[in-house]
Amino acid sequence: MGKLLISTTYLMLILSCVESCFLLRSLYVIVPEIIPPGYQVTKVETVGCDAKSVQLTVKDPSFTIKSNGAVVALTSVSVGEGGRIFSVSAQDKSGRERKMEVHLVRSTMPKRQRRGQGSLNRSRRCFRVLPWQSIVENYEGSYPKLIERLGPYSSDRRYWYFIEGEGVDTYPTGVFSMDTDTGDLFLLKAVDREEFPAYNILMIVFDKHTNVELDEKIPLRVIVDDLNDNAPEFVGPLHFTVPEHCSAGTVVGVVSATDRDQIGTDHMKIKYTLVSGSDMFTIHPETGVITTTTNTLDREVKDNHVVTVKIQDMNGAPNGLFATSTATIALSDINDNPPTFMKSSYNVTVQEDESEKLLLRIPVQDKDLINTSNWMSKFVITKGNENGNFRIVTDPQTNEGLLYITKPLDYEKTNNVQLLITAQNVASLNGSSATWQSIPVNVNVEKVDAVRAGLGQKISLGILTRDPPTRSVSFGLLGIMTILCPVVLLLLLFLVLVFFCLKKREKLQLYETGDTGGIPLKSNTEAPEDSMAWE
């Protein structure tokens, strides 16, 4: 692509033109000796024109211009030593036409001479070319801004000066321009160091009389000086975890921050401070490491702590830019709370022939994190189970201790057992002076009746089975039901018999009172009234 060359005239137009739409008066473009078809020579830029209504035309039939201003060769074009000139016109909706001359300059290079000899060194003495130039980012003054005069300060106008490279015809374009007659380098708009910290430009010098390019292109580096225009930013999540009851000075985590300003300057030297939460935590002002200041952090009292962190550049100076955010510090659980019983003791009764029977549920409380090894209980019979008659397990749903009898007890040998049960956790105690708690369980053994034991006499209807005279009467639910059922049946039969007897008596009384349904009954001693008459 051809090299876009902005003339002094364009700069004057920017400064003084009051028209709503204008075009460069001249444009110099370096092109090859033979321009192939389809080659984009340059791109014409209009200033203040309505892009939709402006019409661009080119007067040379060998070229065409597109709607975006790109000038493209239609055929193969030969550029002589004297160059080639054609015009481009722009006409907006007002009807006024503006013209620009496009100068095609053939790129020709004479044979290189040895370094230190010939006209190049003599020519370079005419230029004030420094190895680098500096500009300030986000300059708030007027534009174009003169950066430096790179051409000679004398009135000698024997050279043309052009530039190419970053900020000119490669991204980002439109940042710099050069006066083709004087070699003045101009800044056209504000730049952002964080987007583009430096620009590498080549200055090209032509002899006006011979139209020949001097031996070498002169490199120029434009460095953008930093301003403190970026506040520091937090990097990564601000969520940390530390064990409860950890010792003072324990590292909680590291707050990370960055600053887009220039490395090695105070613009990105960040100071870290805690705005809140300094009663339990502290932060290193340079590294951002958060540590604890106490060993009293208790998850069972408060499981999360929120602190406010401030980061400020300029090493915390009052004029430094800053940002704040909240960091969450979660306390992880340790087993610092043993399970505690809800009662001081238990009493339970078991019959001597029972086995594999649940005797008792023993609930406990634990303040540690639920469903963890610090909370899950483990019960141990520490006393009274020397013969292995009992076992205890943990209910995984309720965390209760389930006491079972596994082998039958003999009433004649033992009628009472004293157990001592200890509640522990799956995890060992940590960070606490507390110990595992124990609770006594009193187990009373009852004598089994002869029927259930299969050793006594059978119970018959209405008869209560008894032990020998020296022993007390004992019977179970089955014996009671065996006795009560016949009694209930006899009682029902008796009630039915009484009912029928009462009915019978009622009928007899009716006959005696003469209530025969309307026919009165007479006594045998009474004679008929007509018997006297008959006699």
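Just above, that's the structure.
Values in this document were obtained by computation on a predicted structure and should not be read as measured data.

**Student:** Please explain the pattern of salt bridges as it appears in this structure.
**Tutor:** It is possible for side chains of opposite charge to pair when their charged atoms get near one another. By the definition in use, this model includes 14 salt bridges. Of the charged contacts in the structure, one is a salt bridge between Glu164 and Lys217, with a shortest N-O distance of 2.9 Å. Linking Glu164 in strand S15 (residues 159-165) with Lys217 in the loop between strand S18 (198-207) and strand S19 (218-225), this pair joins segments that are 53 residues apart in sequence. Overall, Glu164 belongs to the buried group, its relative accessible area being 7%. A residue is classified by how much of its surface remains accessible, and Lys217, at 34% relative accessible area, is partly exposed. In this structure, Arg193 and Asp226 form a salt bridge, with 3.1 Å as the shortest nitrogen-oxygen distance. In this pair, Arg193 is assigned in the loop between strand S17 (184-187) and S18 and Asp226 in the loop between S19 and strand S20 (233-235), connecting sequence segments 33 residues apart. For Arg193, a relative accessible area of 11% corresponds to the buried category.

**Student:** How should unusual backbone geometry be read in this particular structure?
**Tutor:** A negative phi angle characterises most non-glycine residues, just as the trans form characterises most peptide bonds. Along the chain, Tyr143 connects to Pro144 via a cis peptide bond; the corresponding omega equals 0°. For His245, which is not glycine, the phi dihedral falls at a positive 60°. Relative to the helices and strands, His245 resides in the loop between strand S21 (239-243) and strand S22 (251-254). Residue classification places His245 among the partly exposed residues on the basis of a relative accessible area of 30%.

**Student:** I tried to follow the sheet that holds strand S14 (residues 145-149) on my own but got confused; where do I start?
**Tutor:** The strands making up a sheet associate through backbone hydrogen bonding, with each pair oriented either parallel or antiparallel. Taken in spatial order, the 3 strands of this open sheet run S14-S17-S16, and their pairing is antiparallel. Each having just a single partner strand, S14 and strand S16 (176-178) make up the two edges of the open sheet. Looking at each pair of strands side by side, their axes are set apart by 25° on average, direction ignored. Strand direction decides the pairing type here: S14 and S17, joined by 4 bridges, are antiparallel. Note that in S17 the partner of Glu148 across the bridge is Leu185.

**Student:** Quick question: what am I supposed to make of the side chain of Ser62 here?
**Tutor:** Mapped onto the elements of the fold, Ser62 is located in the loop between strand S7 (55-58) and strand S8 (63-65). Exposure remark for Ser62: the relative accessible area of 16% places this residue in the buried category. In contact with Ser62, other than residues within four places in its own chain, are Val72, Ala73, Leu74, Thr75, Val77 and Arg84.

What counts, and at which threshold
- Residues numbered from 1 in each chain as written.
- Predicted model: local features only at pLDDT ≥ 70, side-chain atom pairs only at ≥ 80, totals over all residues.
- Heavy atoms only, no water.
- Salt bridge = Lys/Arg side-chain N within 4 Å of Asp/Glu carboxyl O.
- Helix = DSSP H or I, 4+ residues; strand = E, 2+ residues; numbered from the N terminus.
- Buried < 20%, exposed > 50% of the residue type's maximum accessible area, 1.4 Å probe, protein only.
- Pairing = 2+ DSSP bridges.
- Axes fitted to C-alpha atoms, helices over the stretch in contact; angles between N-to-C directions.
- Contact = heavy atoms within 4.5 Å.

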